[in-house]
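This is what each chain is made of:
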Amino acid sequence: MAIKKYLATFMLLVTTEFSWGGEAEQPLLDKAYEIRNQDRAEYNGLLSVLETKDLTTIQQDFLTYLQARRALISDDDATKAIELAKMSSQSTDVRIAIISDQLLSNIFNLNFDLEQAFNHIFHALALTHNYENKEVVATVYAGAANLYAELEDYETAAEFGEKAITTSNTSTQRCFIYATVGLSGNRQIDRDTLEKGISACKDAQQELFIYLLYLNHTEYLLENEEPLAAYNFIKKYFTDFESQGFDSYIYSARMLIGRSARLIGKLDEALEELKLCLQASDDDDSEQIALRELALISLQQKEFEQAANYFNRLDYISKRVMDNKLNNQLAYQAAKFKSLDRQNQIGNLTRTNELNELRARLDDSKIKLLIISIVLVVLIAIITTIVIYKRAANFRREAFKDGLTNIGNRRWFDQHLRKLLNSHRNKLNHCLVIFDLDKFKIVNDKYGHAAGDIVIKKVCETVKTQIRTNDPFARIGGEEFAIILENCTLDDAKERIEKCRAAVDALTFEDDLSDISISASFGICCNFQAENDDEKIFKHADQALYESKKNGRNQVSVFEDE
């Protein structure tokens, strides 16, 4: 996660120099832009001076963009940075509008809002059409390449990466593309790309990206079944990683050492490295890899009970990873639909303007016919827009609903939880509940998935009768569900969820399903006021659920701070 934050932050550093020239305060603006990534104190001082000056409209737009960068990098205030960047993105100067949209895309990517990140990169791409400043265009291409790699659309990532390199071909752009997405778009670096990337990054004085090249080349060796070469390569540079003190890179290197060590039989070393990675993991992808490798080592050492524990934890994490990938795809499709809608509106406006120009050139005898034509075009445009907005509304509704149960899905639930954490209501007592159907796989295997669907729907209907109508309730995985009990004490939460557990345990089914017995395990986390982080609250509730599973299932457990 921290490496992703560094990559997105780096995109703030690769835009080209600008100068509008001629105005009295322009040298100060140029100076501020020149030192933006070098001397933070002097940069902030120059902005303070510029804020007292009488600037032209374009200069004020550019100052607003620089203030947005200051809010993000110096003040760590993403909300203020977004507000300012949205203002500068409305500039009539295309350059300022493009770099502001690029900045907004980076900020939303940093905050894991892929839909908004794509919204702004699409808008920036649209503005680059027929735009002559190659450095600005190349920067937008590089940002698009990084977003598509995040989406695992490696073919499109490679296309934008190649465009970025051929458009600009500066060492900075080549370093960024080689290190982050590679020439194939899938972030795996072969030997040839490694050498090119190291050369480009040295020219650009981007040393940290050389270490990212090392990580991605090791991944390439593992994917090509060269574990000994991978082990020797990453071990060769590991002391360099430690000397940098960049924790995310260090633990990524440890993960690769653990994976390659397991494949070449160095199980004790692999176990030590992977356990360190699991303890330090701050994202689901890393935890998933560490758990899988540790489970395989346990099997090799014939520690079957330990292997089963790792596989159980891996099962929970894998479901979440798949849900996150689905949410990313939905976010991308929503942004893509919005971009197409915007293009359609622009096209309609262009056609209307062309008709208006034609009207001015026609003589009086043809005005009546022209008016009829314009009315028809406007009607068609209105009908087209109505149809598009109806489809968009339907798409948004469906994107937040689980198709089987008609309750919310993971994306809807995550947004609701984040809004609650960011609102004044977070000062109240709230509880997050996660529950999972016990041994549900047996139902699917014995009776079929159609029977499994019936069970899931009936469980949802039953749980809804035991909670309040305004309690957010969602299906966040195959047989995994989540509830937020707003303004609810821990004692009340335990009482309500115990009723839910008992009601599920008492469920009966008819006809061919009469011998199905179903139960559920529940985990509760009520430390909203202590933790203002949705991921940590989810993790704590998940740990409580894991305790319920470990202690025999069909019970309710509460997360308690140690």
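Data block above holds the structure.
Heads up: these notes are all about the structure in this document.

Calculation criteria
Residues numbered from 1 in each chain as written. Predicted model: local features only at pLDDT ≥ 70, side-chain atom pairs only at ≥ 80, totals over all residues. Heavy atoms only, no water. Helix = DSSP H or I, 4+ residues; strand = E, 2+ residues; numbered from the N terminus. Contact = heavy atoms within 4.5 Å. Areas by Shrake-Rupley, 256 points an atom, 1.4 Å probe, with all protein chains shown as cover. Pairing = 2+ DSSP bridges. Axes fitted to C-alpha atoms, helices over the stretch in contact; angles between N-to-C directions. Disulfide = S-S within 2.5 Å. Buried < 20%, exposed > 50% of the residue type's maximum accessible area, 1.4 Å probe, protein only.

## Some thoughts on the overall build of the protein
Step number 1: For the protein, the count of helices and strands is 23 helices and six strands.
Step number 2: Taking as baseline every contact in the protein between residues at least 6 positions apart, the subset at least 24 positions apart corresponds to 66%.
Step number 3: Only carbon and sulfur atoms are counted for the fraction: they give 48% of the accessible area of the protein, which is about 27700 Å².

## Some words on the sheet that holds strand S6 (residues 556–558)
Step number 1: Taken together, six strands build an open sheet; the order of strands is S1-S3-S4-S2-S5-S6 and the sheet is mixed. Sheet topology places strand S1 (408–409) and S6 at the edges, where each strand pairs with a single neighbour.
Step number 2: Where strand S3 (residues 473–475) meets strand S4 (residues 480–485), three bridges bridge the pair, whose relative direction is antiparallel. Residue alanine 474 lies in a different strand from S4, and its bridge partner there is alanine 482.
Step number 3: Strands strand S2 (431–437), S4, strand S5 (520–525) and S6 of the sheet are contacted by helix H22 (residues 490–505), whose axis makes an angle of about 170 degrees with S5.
Step number 4: In the packing of helix H23 (residues 534–550) onto the sheet, contacts are made with S2, S4, S5 and S6, and the angle to S5 comes to roughly 140 degrees.

## Digging into unusual backbone geometry
Step number 1: Notably, asparagine 487 is not glycine yet its phi reads approximately 50 degrees, a positive angle.
Step number 2: Considering the arrangement of structural elements, one finds asparagine 487 in the loop between S4 and H22.
Step number 3: Positive phi is not limited to glycine here, since arginine 553 has a value of about 70 degrees.
Step number 4: Looking at the secondary structure, you find arginine 553 in the loop between H23 and S6.

## Side note on the environment of glycine 552
Step number 1: Mapped onto the fold, glycine 552 is located in the loop between H23 and S6.
Step number 2: Counting along the chain gives 31 residues from glycine 552 to serine 521, while the straight-line C-alpha distance between them is 9.0 Å.

## Thoughts on the state of the cysteines
Step number 1: Per the stated rule, a full pass over the model turns up one disulfide.
Step number 2: With its sulfur 2.0 Å from that of its partner, cysteine 431 forms a disulfide with cysteine 526. A torsion of 110 degrees about the S-S bond marks the disulfide between cysteine 431 and cysteine 526 as right-handed. Separated by 95 residues along the polypeptide, cysteine 431 in strand S2 and cysteine 526 in the loop between S5 and H23 bring together distant segments of the chain.
Step number 3: Residue classification places cysteine 526 among the partly exposed positions, given a relative accessible area of 27%.

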